[in-house]
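# Architecture and fold: a report
Residue-level listing of the chains:
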Amino acid sequence: MSWPAPDDVLLSTSLATYLDKKLLVLLRDGRKLLGLLRSFDQFANVVLEGACERLIVGDLYCDVPLGLYVIRGENVVLIGELDLGKEELPQHMTCVSEAEIRKAQKAERDATDLKGTMRKRMEFLDFD
């Protein structure tokens, strides 16, 4: 087994290895952004070119174009390189329009809210 040289260690822990590569960035609020990494700084603030937000609801998805996008480092949870040779999504996923995905998001949010409301109403039964 060979150990990495000091220069290799520094590069492997830096975002410099991801420059000009397509990345997936997961944000603290749960959003998923895709784009080419063009710049970064010591605070992990990043600049994505050709960025889009991937919205997923069940088996539906939509990529909403954002253009050039600056992300504050404190909002970044995860950064990962996308393999361009592989399919990004499973076969069963269906691409839909932005209007359709927003409607599906609203329906999902309403269902979650209703579930929470019902749980509060039934709390006195102490099912836990």
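Residues numbered from 1 in each chain as written. Predicted model: local features only at pLDDT ≥ 70, side-chain atom pairs only at ≥ 80, totals over all residues. Heavy atoms only, no water.

As annotated in an unreviewed UniProt entry, the protein is U6 snRNA-associated Sm-like protein LSm1 from Arachis duranensis. Taken directly from UniProt, the Sequence similarities (unreviewed entry) text for the protein runs: "Belongs to the snRNP Sm proteins family." (UniProt positions renumbered as here; feature names shortened; annotations may be inferred.)

### Some words on the overall build of the protein
Across its full length, the protein holds two helices and six strands. Sequence-ordered secondary structure for the protein, helices as α and strands as β, is α-β-β-β-β-β-β-α. Here the protein holds 128 residues, and 23% of them are scored as buried. Sequence-distant contacts, at least 24 apart, represent 48% of the contacts inside the protein between residues at least 6 apart. Taken as a whole, the protein presents about 9400 Å² of accessible surface, with 56% of it coming from carbon and sulfur. (Helix = DSSP H or I, 4+ residues; strand = E, 2+ residues; numbered from the N terminus. Buried < 20%, exposed > 50% of the residue type's maximum accessible area, 1.4 Å probe, protein only. Contact = heavy atoms within 4.5 Å. Areas by Shrake-Rupley, 256 points an atom, 1.4 Å probe, with all protein chains shown as cover.)

### Comments concerning the nonpolar core
Membership of the largest hydrophobic core is limited to eleven residues, which are Leu 15, Leu 23, Val 25, Leu 27, Leu 33, Leu 37, Val 46, Leu 48, Ala 51, Ile 71 and Val 76. Taken together, the elements giving at least two residues each to this core come down to β1 (22-27), β2 (32-40) and β3 (46-57). Contact partners of Leu 33, with chain neighbours within four places excluded, come to Leu 23, Leu 24, Val 25, Leu 27, Leu 48, Cys 52, Glu 53, Leu 66, Tyr 69 and Ile 71. Membership of the second largest hydrophobic core comes to seven residues, among which are Leu 55, Val 57, Cys 62 and Val 64. (Core = buried A, V, L, I, M, F, W, Y, C linked by side-chain atoms within 4.5 Å.)

### Quick look at the sheet that holds β3
Taken in spatial order, the six strands of this open sheet run β5-β1-β2-β3-β4-β6, and their pairing is mixed. Both edges of this open sheet fall to β5 (76-81) and β6 (94-95), since each of them pairs with a single strand only. Pairing of β1 with β2 involves five bridges; the strand directions are antiparallel. From the neighbouring strand, Leu 23 faces β2, where its bridge partner is Gly 35. (Pairing = 2+ DSSP bridges.)

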